Amino acid sequence: AQSVSQHNHHVILSEAASLELGCNYSYGGTVNLFWYVQYPGQHLQLLLKYFSGDPLVKGIKGFEAEFIKSKFSFNLRKPSVQWSDTAEYFCAVNARSNTGKLIFGQGTTLQVKP
Amino acid sequence: NAGVMQNPRHLVRRRGQEARLRCSPMKGHSHVYWYRQLPEEGLKFMVYLQKENIIDESGMPKERFSAEFPKEGPSILRIQQVVRGDSAAYFCASSPNPGQGETQYFGPGTRLLVL
């Protein structure tokens, strides 16, 4: 069965610190990969996604993620976080052979101190 | 273009009552997904529907839960005889094309509390 694991459940950073959130998935076939963000009181929004091509994907608000197929990983990065990045971050996967349903990790809560 | 809409945003029910959650997809989207988020957990897929059809219900509990997406009107997730364990946030997402790499756009969720 497919699964997604996010290693960090709660991360606290100061502004301007660099961010890396880990995401590993378990599935033997071809996948599409997503990072969603949920700001306090808001709905989930897509940060970035990977389907094919360049494994380094750039998203909104200065975020990027790198797909490393050999490691089954899709880590999210940002060189310098801001207080407004405080949110919950979800990694998600769907297998290209299925109906498009997303399998989510358990989420990482990021708290950025001003 | 309005986003995905869900109502109610908050719903309180007593054990044994029925809960009806509604989801209106984005304009032009005919594919709807329902997810449930239990406290301290990630979102879990429940069901995928196209207009008038259930395509994948592999994540739906076998009893008390049902979903529909009629030709006209919103998609409905119905929970009969609710229990405390049904307390969760229920999210709906829509997309314009079936599955694969298409982005799913999420609604604000319905927070269900069962007393």
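Computed from a prediction, not measured in an experiment: that's the story for all the values here.

Reading guide: rules and limits
- Residues numbered from 1 in each chain as written.
- Chains lettered and ligands numbered in written order.
- Predicted model: local features only at pLDDT ≥ 70, side-chain atom pairs only at ≥ 80, totals over all residues.
- Heavy atoms only, no water.
- Helix = DSSP H or I, 4+ residues; strand = E, 2+ residues; numbered from the N terminus.
- Rg over C-alpha atoms; globule rule 2.2 N^0.38 Å.
- Buried < 20%, exposed > 50% of the residue type's maximum accessible area, 1.4 Å probe, protein only.
- Contact = heavy atoms within 4.5 Å.
- Areas by Shrake-Rupley, 256 points an atom, 1.4 Å probe, with all protein chains shown as cover.
- Phe/Tyr/Trp six-rings, centres within 6.5 Å; stacked < 30°, edge-to-face > 60°.
- Buried area = accessible area lost by both parts, 1.4 Å probe.
- Salt bridge = Lys/Arg side-chain N within 4 Å of Asp/Glu carboxyl O.
- Polar contact = N/O pair within 3.5 Å; in protein donor to acceptor, adjacent residues only side chain to side chain.
- Nonpolar A, V, L, I, M, F, W, Y, C, P; charged D, E, K, R; others polar.

Some thoughts on the overall build of chain B
Point 1. Per the secondary structure count, chain B includes 0 helices and 11 strands.
Point 2. In terms of C-alpha radius of gyration, chain B reaches 13 Å, essentially the compact-globule figure of 13 Å for 115 residues.
Point 3. With the C-alpha coordinates aligned to their principal axes, the bounding extent of chain B is approximately 40 × 30 × 25 Å.
Point 4. With 115 residues in all, chain B has 47% of them scored as buried.
Point 5. When contacts within chain B are restricted to residue pairs at least 6 apart in sequence, those whose partners lie at least 24 apart make up 53%.
Point 6. For chain B, the accessible area works out to roughly 5800 Å², and carbon and sulfur atoms hold 46% of it.

A short note on the packing of aromatic side chains
Point 1. With the rule as written, the count across this model stands at 15 aromatic pairs over all chains.
Point 2. With a centroid separation of 6.0 Å and an interplanar angle of 70°, the aromatic rings of Phe-34 of chain A and Phe-51 of chain A are classed as edge-to-face. Of the two residues, Phe-34 of chain A sits in strand β5 (residues 31-38) while Phe-51 of chain A sits in the loop between β6 (45-50) and β7 (56-58), which places them 17 residues apart along the sequence.
Point 3. Note on Phe-34 of chain A: relative accessible area 0%, which makes it buried.
Point 4. Plain terms: the ring middles of Phe-104 of chain A and Phe-106 of chain B are 6.0 Å apart, the flat faces sit at 80° to each other, and that makes the pair edge-to-face. Taken together, the positions of Phe-104 of chain A in strand β11 (residues 103-104) and Phe-106 of chain B in strand β10 (residues 105-106) put the pair across two chains. In this pair, the class of Phe-104 of chain A matches that of Phe-106 of chain B, namely buried.
Point 5. What links up through ring pairs into an aromatic cluster is the set Phe-34, Tyr-36, Phe-51, Phe-90 and Phe-104 of chain A together with Tyr-33, Tyr-35, Phe-45, Tyr-48 and Phe-106 of chain B.

A short note on the interface of chain A and chain B
Point 1. The partner chain B presents 23 residues to the 23 residues of chain A that form the contact.
Point 2. Interface area, chain A with chain B, both sides summed: about 1600 Å², of which 51% is carbon and sulfur.
Point 3. Contact with chain B buries surface across chain A, with Thr-99, Lys-101 and Phe-104 of chain A losing the most and accounting together for 30% of the total.
Point 4. The tally of links between chain A and chain B comes to 1 salt bridge.
Point 5. Remark: the boundary between chain A and chain B carries 5 residue pairs in polar contact (both at pLDDT 80 or more).
Point 6. No other element matches the 4 residues that β5 of chain A contributes to the side of chain A that touches chain B.
Point 7. Across the side of chain A that touches chain B, the residue classes tally to 9 nonpolar, 11 polar and 3 charged.

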